[in-house]
Amino acid sequence: MNESSVVEHPVARRSEVRAGVRASLAAGLGLFPLGVAFGLLVINSGLSWWVAPALSVAVFAGSMELLLVGLLVAATPLATIALTTLLVNFRHVFYAFSFPLQVVRHPVARAYSVYALIDEAWAITNARPQGWTSWRLVSMQLALQGYWLVGGLVGVVAARLINRPIEGLGFALCALFVTLALDAFRSRRQVPPVVLAGLSFTVAVVVAPGSALFVALLLFVGALVAFHLLSGRSDARA
Amino acid sequence: MPDLSYVMAALAIAFVITVSLRAVPFLLLKPLRESTFVRHMAFWMPAGILCILAATTFRSSAFGEVTHLWEAAVATAVTVVVHLGFGRRTLLSVGAGTAVFVTLVNLV
């Protein structure tokens, strides 16, 4: 209680907000340009301009938003969208273990902090775990969402000014997933899951070319569950 | 532009799932931490899911209305080389790969 009453002092609160914004700046350098690319992609895909801010508020998760643009344009079935969201954002389940949510007491601020728990917010708090207060944490998250939202709107305006679609811009998404896959593979050098993913995708393209993503994700998760059951049994025997 | 009610339904579904994935673990911290199933999935899923997404988006870039297979292959190679060769700066690698693809598709 004492700690939070110190922060309630207006001067302390202002310095906490400033510290939060400062903590957000480095991530903003990446989020803003990606937001611009996202805004450009929304217009180039033939969607209305408001889809960019609407996605950034409803689904605040950069890579998922970029992916949703393509899924929406292709009129992908809602079941595929649900499964894709579940699997792509599944990693967020593990962020709760090391995110300083306990410093946020106000229920609205707490709800916002959970809602805005994006990769970058989690990475910033884990790079420097000490000294977080409610105002600092929430202002850092608000700043991150601001960079992304404003970046998206700048992209929308830029696409209107250019006035003709730039063909091939959607490749940014492929490039993004290639780099993310390389980074994920570096942090956990797990060959079997990557091989299983490759097999799942190949089978899915052959068996169900029209809904390859959905089928590939299902096959992959099914294979992992089988892998888990087998390794669990061998653990128990050992 | 797809149907408005379809876009709204998709947004609502993605919102509920994303927020649940972020919120529910705070309510179940202990059992989740102790579950080997959850830990195994956490360890195995990311790289594989990202490979599937990379393959899916590659396929839609390479086999869209017009086939751009070699352009997509060259741009992917550029992305990988820049990413591994220039310190894994995502913005730089994505920018280089996309610039190469847009240039090849529009100018060649």
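Residues numbered from 1 in each chain as written. Chains lettered and ligands numbered in written order. Predicted model: local features only at pLDDT ≥ 70, side-chain atom pairs only at ≥ 80, totals over all residues. Heavy atoms only, no water.

With that out of the way, let us pick up the overall build of chain B. Summing up its helical and strand segments, chain B has 5 helices and 0 strands in all. Taking 2.2 N^0.38 as the reference for a compact globule, 108 residues should give roughly 13 Å; the C-alpha atoms of chain B span a radius of gyration of 19 Å, well beyond that estimate. Overall, the C-alpha framework of chain B stretches about 55 × 40 × 20 Å when taken along its three principal axes. A burial count over chain B gives 44% of its 108 residues as buried. Taking all contacts inside chain B whose residues are at least 6 apart in sequence as the whole, residues at least 24 apart take part in 33%. Roughly 5,500 Å² of accessible area belongs to chain B as shown, and the carbon and sulfur atoms make up 72% of that amount. Seen as two clouds, the 7 positive and the 4 negative side-chain charges of chain B have centres 20 Å apart. (Helix = DSSP H or I, 4+ residues; strand = E, 2+ residues; numbered from the N terminus. Rg over C-alpha atoms; globule rule 2.2 N^0.38 Å. Buried < 20%, exposed > 50% of the residue type's maximum accessible area, 1.4 Å probe, protein only. Contact = heavy atoms within 4.5 Å. Areas by Shrake-Rupley, 256 points an atom, 1.4 Å probe, with all protein chains shown as cover. Lys, Arg positive; Asp, Glu negative; His and termini not counted. Charge placed at Lys NZ, Arg CZ, Asp CG, Glu CD.)

Here we come to the overall build of chain A. Helix and strand counts for chain A stand at 11 helices and 0 strands. Seen along its three principal axes, the alpha-carbon backbone of chain A occupies a region of about 65 × 65 × 30 Å. For chain A, the share of sequence-separated contacts (at least 6 apart) that also reach a separation of at least 24 residues comes to 72%.

The subject of this paragraph is the pattern of salt bridges. Where side chains of opposite charge bring their charged atoms close, a pairing between them can arise. For the structure on display, the rule yields 2 salt bridges over all chains. Among the salt bridges present, the one from A:Arg136 reaches A:Glu16, with a minimum N-O distance of 2.9 Å. A residue pair is termed long-range when its members are at least 10 positions apart, and A:Arg136 in helix α8 (residues 134–162) and A:Glu16 in helix α2 (residues 10–44) qualify at 120 residues. Residues B:Arg88 and A:Asp183 are paired through a salt bridge, measuring 2.7 Å at the closest nitrogen-oxygen approach. On the criterion of chain membership, the pair formed by B:Arg88 in the loop between α4 (69–85) and α5 (90–107) and A:Asp183 in helix α9 (residues 171–187) is interchain, its members lying in two chains. (Salt bridge = Lys/Arg side-chain N within 4 Å of Asp/Glu carboxyl O.)

We now examine the interface of chain A and chain B. Each partner contributes residues to the interface: chain A has 81 residues there, and chain B has 66 residues. For the pair chain A and chain B, the summed buried area comes to about 6,600 Å², and 79% of that belongs to carbon and sulfur atoms. Summed over the shared surface of chain A and chain B, the result is 1 salt bridge. Put simply, chain A and chain B have 13 residue pairs in polar contact (both at pLDDT 80 or more) between them. At the level of secondary structure, the elements contributing two or more residues to the side of chain A that touches chain B comprise α2, α3 (51–58), α4 (62–73), α5 (78–88), α6 (107–115), α9, α10 (191–207) and α11 (212–237) of chain A. If one sorts the elements of the side of chain A that touches chain B by residue count, α9(A) sits on top with 16 residues. (Buried area = accessible area lost by both parts, 1.4 Å probe. Polar contact = N/O pair within 3.5 Å; in protein donor to acceptor, adjacent residues only side chain to side chain.)

Each pair of aromatic rings is reported with the distance of its centres and the angle of its planes. Under the definition given, this model contains 7 aromatic pairs over all chains. Taking 5.4 Å as the distance between ring centres and 20° as the angle between the ring planes, the aromatic pair formed by A:Phe38 and A:Trp148 counts as stacked. One end of the pair, A:Phe38, is in helix α2; the other, A:Trp148, is in helix α8, with 110 residues separating them in the sequence. A:Trp148 shares its class with A:Phe38; the two are buried. With centroids separated by 4.8 Å and ring planes inclined at 70°, the aromatic side chains of A:Phe227 and B:Trp44 adopt a geometry described as edge-to-face. Taken together, the positions of A:Phe227 in helix α11 and B:Trp44 in helix α3 (residues 36–62) put the pair across two chains. Given the relative accessible area of 32%, A:Phe227 is considered partly exposed. By way of ring pairs, the aromatic residues A:Phe60, A:Tyr112, A:Tyr115 and B:Phe15 are connected into one cluster. (Phe/Tyr/Trp six-rings, centres within 6.5 Å; stacked < 30°, edge-to-face > 60°.)

What follows covers α10(A). Residues and elements named next belong to chain A. Relative to the 24 Å expected for 17 residues at 1.5 Å per residue, α10 spans 24 Å between its end C-alpha atoms, a close match to the ideal helical length. Among all positions in α10, only Pro193, Ala197, Ser200, Phe201 and Ala204 are buried. When α10 is viewed along its axis, its buried side chains cluster within an angular range of 95° and face the same direction. Seen from the open side of α10, the exposed residues pointing more than 90 degrees away from its buried face are Leu199 and Val206. (Expected span 1.5 Å × (residues − 1). Arc of directions from axis to C-beta.)

Right, let's talk about the UniProt feature "transmembrane region" (unreviewed entry) in chain B for a bit. Residue and element names in this part refer to chain B. UniProt annotation of "transmembrane region" (unreviewed entry) refers to residues 6–29, 41–62 and 68–86 when read in the numbering used here. Taken end to end, residues 41–62 is 100% helix and 0% strand, and its two terminal C-alpha atoms sit 31 Å from one another. For residues 68–86, the end-to-end C-alpha separation is 26 Å, with 89% helix and 0% strand making up the annotated structure. (UniProt positions renumbered as here; feature names shortened; annotations may be inferred.)

Let us look at the UniProt feature "transmembrane region" (unreviewed entry) in chain A. Residues and elements named next belong to chain A. The UniProt entry lists residues 23–47, 67–88, 142–162, 168–185 and 197–230 under the feature "transmembrane region" (unreviewed entry), expressed in the numbering used here. Helix makes up 88% of residues 23–47 and strand 0%, and the two end C-alpha atoms of the span are 34 Å apart. Secondary structure content for residues 142–162 is 100% helix and 0% strand, and the end C-alpha separation is 30 Å.

What follows deals with unusual backbone geometry. Although it is not a glycine, A:Ala75 sits at a positive phi angle of roughly 50°. Structurally, the position occupied by A:Ala75 is in the loop between α4 and α5. Even without glycine at this site, B:Arg88 takes up a positive phi of about 50°. The class of B:Arg88 is partly exposed, set by a relative accessible area of 22%.

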